[in-house]
Amino acid sequence: MKVKLSTSDYLRNSDRFIDGLDFSDPKRLIIYSHPKWLNVHPAILTLLASMALKAGKENVKFDNLTALSGAYLDRMGLFNFVSEESPYNINKKEESGRFIPLTIIKNSIEQSKFITDMIPLLHLPVGQTDVIKYTVGELIRNVLEHSQSRDGAIVAAQYYKKSNTIRLGICDNGIGIKKSMQKHWQSRTKTDLDAIKWALVPGISGTTSREGGTEDNAGAGLFFIKSIAQIARNYFMIYSGSGVYRLLLHDKRVKNPRLHSNPDDDRHSDRNDAPHFNGTLVAIDLSLETKTEFTSLLSVIRDVYGSAIRERKKRKYKEPKFV
Amino acid sequence: MKKEYIKIKDYAGIFAENKDKAKELRISKITPALSNRKMLVLDFDGVSGATQSFVHALISEPIRQFQNLALDNLEYKNCSEIVKEIIKTVYDYMQESLDDK
């Protein structure tokens, strides 16, 4: 496997990073780095960690890791996933950054502990913590319930002062969204991209063919996260198999962007030709600039969710037979 | 009628996201109470927020199973605005699904 880290691996230009991925030869991972400067989204770090877990610590090699800014990889805990010594000399006790290093979560107890512990690490004001807790809670839960990953969920996050944004990544080495959805939704999930989009539709769960879900799953999680990202004008990306769905930012002048139950109706980019990644990567940038209260945001999502379910039900109603 | 109280914080902490805990509460407390036609108060005191999947795992099946009895006998106390919104969402779509029957 090969990865190329560059000077600007952000979500807005994630295609370039994805195109440079090579998942062949899973027993070996080489991480190529730009020699002078590295700028890596936490989601990319979670993907690197997932690949390193697959290859095994001894089989991960760095190539050209000379950029001073590469110390960030060490600070975020990437060297815990490799046997190679870090070339950087960072004093972890002096860390005052607002970040969550790479963390593996394997069960709901670890999940709850992580959600409690992460807020002090990010030094967030009280009013801004619920949306982060909500997003992280739902995304980790998705991995634990649906991915069948033995390695659990790999999570990392970073606060960026300049943009007042939390960048977050969650990755797993599981079966991917398509396989997870295919048991009940084969005709709707012929490609990886179809499966990602179908998983984003409100009321659709991989655990049942019944729209509206079961006693344990409503099929609302990803739709809520996508909607939170959209209203707050944030990037949101899902990469699974060969499919990539990326929500694009709406025009700043639009105060109340319309939420859509069909992910095709959202301003987005997608592709179904990405290098095939067996697991799932979810990346999100959560802006803390937003003026919208989390409660009002949930209220808008509730309305859209309700009308989406009603509309789909209506389409199933039988017409009267007038003879 | 005497009401039974459940303090959600004791089971789920200050942010209710652990669906396993929700399921445990549903099976051990909510379903038996409704089976005995008791009034049940879910007290969210000290809980700042909850995920939709937590609330779904907590109350969707009782609503599906007991329908009006659940809607009449379940009460929610000390809910933050976030918790209220999430409960309202689950009520909306569960009642939509009851209309199917």
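Reading guide: rules and limits
Residues numbered from 1 in each chain as written. Chains lettered and ligands numbered in written order. Predicted model: local features only at pLDDT ≥ 70, side-chain atom pairs only at ≥ 80, totals over all residues. Heavy atoms only, no water. Helix = DSSP H or I, 4+ residues; strand = E, 2+ residues; numbered from the N terminus. Buried < 20%, exposed > 50% of the residue type's maximum accessible area, 1.4 Å probe, protein only. Contact = heavy atoms within 4.5 Å. Areas by Shrake-Rupley, 256 points an atom, 1.4 Å probe, with all protein chains shown as cover. Lys, Arg positive; Asp, Glu negative; His and termini not counted. Charge placed at Lys NZ, Arg CZ, Asp CG, Glu CD. Axes fitted to C-alpha atoms, helices over the stretch in contact; angles between N-to-C directions. Parallel < 35°, antiparallel > 145°, perpendicular 65-115°, else oblique. Nonpolar A, V, L, I, M, F, W, Y, C, P; charged D, E, K, R; others polar. UniProt positions renumbered as here; feature names shortened; annotations may be inferred. Buried area = accessible area lost by both parts, 1.4 Å probe. Salt bridge = Lys/Arg side-chain N within 4 Å of Asp/Glu carboxyl O. Polar contact = N/O pair within 3.5 Å; in protein donor to acceptor, adjacent residues only side chain to side chain.

A tally of helices and strands in chain B yields 5 helices and 5 strands. Counting only C-alpha atoms, chain B reaches 35 × 30 × 20 Å along its principal axes. Across the 101 residues in chain B, those meeting the buried criterion constitute 54%. Considering only contacts in chain B between residues 6 or more positions apart, those separated by 24 or more positions represent 84%. Approximately 4,400 Å² of chain B is accessible, and the part contributed by carbon and sulfur atoms is 46%. Averaging the positions of the 16 positive and the 16 negative side-chain charges in chain B gives two centres separated by 6 Å.

Let us now look at the packing of helix 6 (residues 176-185) of chain A against helix 7 (residues 192-199) of chain A. Residue and element names in this part refer to chain A. The contact between helix 6 and helix 7 brings their axes to 9 Å, and the two run at 70°. One finds that helix 6 runs roughly perpendicular with respect to helix 7. Along the contact surface, helix 6 presents I177, K178, M181 and W185, while helix 7 presents D192, A195, I196, W198 and A199. The class makeup of the residues in the contact of helix 6 with helix 7 is 7 nonpolar, no polar and 2 charged.

Feature annotation in UniProt assigns "domain: DUF4325" (unreviewed entry) to the following positions: residues 22-83 of chain B. Counted over residues 22-83 of chain B, helix gives 61% and strand 18%. Its end C-alpha atoms are 14 Å apart.

When the parts of a complex come together, some accessible area is lost, and that lost area is often used as the size of the interface. Taken together, the contact between chain A and chain B spans 29 residues of the former and 31 residues of the latter. Carbon and sulfur atoms supply 51% of the area that chain A and chain B bury against each other, a total of about 2,600 Å² over both sides. Among the residues chain A hides against chain B, the three largest losses belong to E215, D216 and R302 of chain A. Together they make up 23% of the total. Summed over the shared surface of chain A and chain B, the result is 6 salt bridges. The residue D216 of chain A makes a salt bridge to K23 of chain B at a minimum N-O spacing of 3.6 Å. At the junction of chain A and chain B, the tally comes to 16 residue pairs in polar contact (both at pLDDT 80 or more). Sorting the residues of the side of chain A that touches chain B by element identifies helix 4 (108-122), helix 5 (129-147), helix 8 (221-231) and helix 9 (294-316) of chain A as the ones contributing at least two each. It is helix 9 of chain A that provides the largest number of residues to the side of chain A that touches chain B, a total of 8 residues. Class assignment for the residues of the side of chain A that touches chain B results in 8 nonpolar, 10 polar and 11 charged.

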